[in-house]
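One-letter residues, chain by chain:
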Amino acid sequence: MASGNGSNFEAIVQAVQSGRLGADIPLLVVNNKNCGAHQRADRFGIHVEVVDHRDFPNREALDRQLVGLFQSHRVDVVVMAGWMRIVTDVLVNAFPEQLVNIHPSLLPSFRGLDAVGQALHAGVSISGCTVHIVTADLDAGPILSQAAVPVLSSDNHASLAERVQKQEHILLPATLQQNAHRWRQG
Ligand code: GRF
């Protein structure tokens, strides 16, 4: 699942293609048609479903549509690779322990929006990214892995975000591979 640029989605695809991640990617779901992630999936020939949150009366209705899609594709694990919507119990309960998110901070610090900005504002000297299981509490589920990066006094939002993202692109595919045994059926 992705909403924007899709660099983490592409990192997963590259890991699959290079044999570092043993997985099939049956579909990408985007909520913003033609976002960067959508375009990347087209380039790789990966099936895309556009599920636009603006077409649904509430978050639960959106998540019911997602659950139906993922069940019809018989997925073992769902990855929120920059999915910028709050998910509900509908999705979490349909995929208990099978819903994974990447967040651009060392959780439990800086949950929610603009974690990079929050880290800069707080003046921390180390930040990073976290891969975690999604629960009903925002950015608070069990942590699977983390990577740390220094925050330099010369950093601005763009430079810190770029340093964090470089680590995300390594951490997310590696974490999926390390935890694959949790999700494989049968
Ligand atoms: C990443 O920084 C991720 O941590 C956050 O959203 C961003 C998505 O970036 N959840 P991209 O679309 O994968 O480039």
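Coordinates for the structure precede this section.
The sections below set out a description of the structure shown in this document. Computed from a predicted structure; not experimentally measured.

## What about the packing of aromatic side chains?
Item 1. Scanning the entire structure with this criterion turns up one aromatic pair.
Item 2. Note on Phe 70 and Phe 95: the rings are 6.0 Å apart at their centroids and 80° apart in plane angle, and the pair reads as edge-to-face. On the criterion of sequence distance, the pair formed by Phe 70 in helix α3 (residues 59-72) and Phe 95 in the loop between α4 (89-94) and β4 (99-103) is long-range, its members being 25 residues apart.
Item 3. Looking at Phe 70, the relative accessible area reads 5%, which means it is buried.
Item 4. Among the residues examined, Phe 95 registers a relative accessible area of 4% and is labelled buried.

## Let's talk about the side chain of His 132
Item 1. Its place among the elements puts His 132 in strand β5 (residues 126-133).
Item 2. With near-sequence residues (within four places) excluded, His 132 lies in contact with Leu 99, Val 100, Asn 101, Leu 107, Asp 139, Ala 140, Gly 141, Pro 142, Ile 143 and Leu 144.

## Considering α3
Item 1. For α3, spanning 14 residues, the distance from its first C-alpha to its last is 20 Å, which sits close to the expected 20 Å at 1.5 Å a residue.
Item 2. Every buried residue of α3 is accounted for by Ala 61, Leu 62, Asp 63, Leu 66, Val 67, Leu 69 and Phe 70.
Item 3. Of the surrounding elements, those touching the buried residues of α3 are β1 (28-30), β2 (48-50), β3 (78-80) and α4.
Item 4. Where α3 begins, the side chain of Asn 58 points an oxygen toward the backbone nitrogen of Glu 60, at a separation of 3.3 Å.
Item 5. Within two residues after α3, Arg 74 carries a phi angle of roughly 55°, on the positive side.

## Some details on the sheet that holds strand β6 (residues 143-150)
Item 1. Judged by pairing direction, the sheet is mixed, and its four strands sit side by side in the order β3-β4-β5-β6 without closing on themselves. Strands at the two margins of the open sheet, each flanked by one partner only, are β3 and β6. Ignoring strand direction, the axes of neighbouring strands in this sheet form an average angle of 15°.
Item 2. As paired elements, β4 and β5 share four bridges and run antiparallel to each other. What sits directly across from His 103, in β5, is Thr 130.

## Points about the site of the ligand
Item 1. Close to the ligand lie Asn 5, Gly 6, Ser 7, Asn 8, Gly 82, Ile 102, His 103, Pro 104, Gln 165 and Glu 168, which account for all nearby residues.
Item 2. Within the backbone of Asn 8, one N or O atom sits 2.8 Å away from an oxygen atom of the ligand.
Item 3. The separation between an oxygen atom of the ligand and a polar main-chain atom of Pro 104 is 3.5 Å.
Item 4. Classifying every residue of the shell around the ligand by side-chain character gives two nonpolar, seven polar and one charged.

## Points about the pattern of salt bridges
Item 1. By the definition in use, this model includes five salt bridges.
Item 2. Taking the shortest distance from any N to any O, the salt bridge between Arg 43 and Glu 10 comes out at 3.4 Å. On the criterion of sequence distance, the pair formed by Arg 43 in helix α2 (residues 36-44) and Glu 10 in helix α1 (residues 7-17) is long-range, its members being 33 residues apart.
Item 3. Exposure remark for Arg 43: the relative accessible area of 60% places this residue in the exposed category.
Item 4. Residue classification places Glu 10 among the buried positions, given a relative accessible area of 14%.
Item 5. A salt bridge links Arg 163 to Asp 155; the nearest nitrogen and oxygen atoms lie 2.7 Å apart.
Item 6. The class for Arg 163 is partly exposed, based on a relative accessible area of 22%.
Item 7. Overlapping salt bridges bring together Glu 10, Arg 40 and Arg 43 as one network.

Reading guide: rules and limits
- Residues numbered from 1 in each chain as written.
- Predicted model: local features only at pLDDT ≥ 70, side-chain atom pairs only at ≥ 80, totals over all residues.
- Heavy atoms only, no water.
- Phe/Tyr/Trp six-rings, centres within 6.5 Å; stacked < 30°, edge-to-face > 60°.
- Helix = DSSP H or I, 4+ residues; strand = E, 2+ residues; numbered from the N terminus.
- Buried < 20%, exposed > 50% of the residue type's maximum accessible area, 1.4 Å probe, protein only.
- Contact = heavy atoms within 4.5 Å.
- Expected span 1.5 Å × (residues − 1).
- Polar contact = N/O pair within 3.5 Å; in protein donor to acceptor, adjacent residues only side chain to side chain.
- Pairing = 2+ DSSP bridges.
- Axes fitted to C-alpha atoms, helices over the stretch in contact; angles between N-to-C directions.
- Near = heavy atom within 4 Å.
- Nonpolar A, V, L, I, M, F, W, Y, C, P; charged D, E, K, R; others polar.
- Salt bridge = Lys/Arg side-chain N within 4 Å of Asp/Glu carboxyl O.

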